[in-house]
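Topology and contacts: notes
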Amino acid sequence: MQQPIAILDSGVGGLTVAKEVMRQLPLEKLVYYGDTARTPYGPRSSEEVVRFTREIVEYLIQFQPKMIVIACNTATAAGLEDIRARVDIPVVGVINPGARAAIGFTVTGCVGIIGTEGTINSGAYEQALRKLDPQVKVISEACPRFVPLVEKGNFRSYETYETIRSSIGHLREHPIDTLILGCTHYPFLAETISEIMGQDVKLISSADETAREISVILQGRGKLAAGDRLPVHQFFCSGDQQLFQSITRQWLGEQIELTPIIWQIPTIV
Ligand code: DGL
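Below is a summary of the structure that appears in this document. (Residues numbered from 1 in each chain as written. Predicted model: local features only at pLDDT ≥ 70, side-chain atom pairs only at ≥ 80, totals over all residues. Heavy atoms only, no water.)

**Thoughts on helix α11 (residues 241-252)**
Note the cut-off: Only DSSP runs of H or I covering at least 4 residues are called helices, and only runs of E covering at least 2 are called strands; the numbering of each starts at the N terminus. Expected helix span is computed as 1.5 Å times (number of residues minus one). When accessible area is computed with a 1.4 Å probe and restricted to protein chains, residues below 20% of their type maximum are described as buried, those above 50% as exposed, and intermediate ones as partly exposed. Read the arc as the range of directions from the helix axis to the C-beta atoms. Here a polar contact means two N or O atoms within 3.5 Å. Within protein one must be a hydrogen donor candidate and the other an acceptor candidate, and residues neighboring in sequence count only if both atoms are side-chain atoms.
Taking 1.5 Å of rise per residue, twelve residues should cover 16 Å, and α11 covers 16 Å from first to last C-alpha, within 8% of that figure. Taken as a whole, α11 has its buried residues at F244, I247, T248 and L252. Seen end-on, α11 carries its buried residues on one side only, within an arc spanning 110 degrees. Exposed residues pointing more than 90 degrees away from the buried face of α11 are listed as Q242 and Q250. With a side-chain oxygen positioned 3.0 Å from the backbone nitrogen of Q242, the residue opening α11 is D240. Immediately beyond the C-terminal end of α11, within one or two residues, lies G253, with a positive phi of roughly 40 degrees.

**Section: the sheet that holds strand β5 (residues 110-115)**
Note the following rule: By this definition, two strands are paired if DSSP reports at least two bridges between them. Comment: axis = line fitted to C-alpha atoms, over the contacting stretch for helices; angle = value between 0 and 180 degrees taken between N-to-C directions.
Strand order in this open sheet of four strands is β6-β5-β7-β8, and the pairing throughout is parallel. Among the strands making up the open sheet, the edge pair consists of β6 (137-142) and β8 (202-205). Each adjacent strand pair in this sheet contributes to an overall mean axis angle of 25 degrees, direction not counted. Pairing geometry for β5 and β6, over six bridges, is parallel. Residue pairing across strands places I114 opposite E141, the latter belonging to β6.

**With respect to the site of the ligand**
As a reminder, the rule being used: Working definition: residue near molecule or strand if any one of its non-hydrogen atoms lies within 4 Å of it. Working definition of accessibility: Shrake-Rupley area with a 1.4 Å probe, residue cover restricted to the visible protein chains.
Lining the immediate surroundings of the ligand are 14 residues, of which S10, Y41, G42, T74 and T184 lie closest. One nitrogen or oxygen atom from the main chain of Y41 is found 2.7 Å from an oxygen atom belonging to the ligand. One of the side-chain nitrogen or oxygen atoms of H185 is found 2.8 Å away from a nitrogen atom of the ligand. Burial of the ligand by the protein amounts to 99% of the accessible area it has alone, namely 300 Å².

Below, the structure is given as structure tokens:
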């Protein structure tokens, strides 16, 4: 049996990481869990987010994954260490990879971060950035209205534009040249975010860097998938399956054209 990589998020946001893993590591089998019934995690207490994350990990462990990817910044900030202490396989979060990429890009030394209230209030990105460059100037902004737009599939509309403009337009007053999309849902809104921030602001999503980290860890442990057969992925969500499937197909596009997927709605609580 091929051991999968387990990826979890509060909803469809982790698909931005899954897509990059599929692109960089097409032979890897994925088991994805989107907690669409309980999204958004951003406004919840960190205790609650930790509890939800534990429940999902307990569910995913039955598939005997070789690694767990917490493809949610809010859950990474609240529960990465907790999950690491509970399982004996590698657990990867999305905050350190995003911070590394941002430090690599910034020239002005002024980095913007947008994320959920949970992520921004945790200060986890600032800490990760300062560890890499103590001089870096960080401007952060919580954007609680973005995740609900993405979960509805509302990526490009007047409402979306206005929501984004009124939430982050003022960031242009700072010499930010690099903006971390500190929520895995935000790459769905990247075009509009870029229109508002201007073409000279580099948007950083953790997806590429996280996929690279996954690859390095698996290689180091001799666990990279081999062979010439495409894997069968499994996608689970806890809420509306039709909406989840439609967003997944839209986002993953050609990545899943050839790859069979099993869709399920499990009950975990
Ligand atoms: N994708 C999650 C993140 O990266 C969204 C959190 C939420 O559900 O509010 O933080």
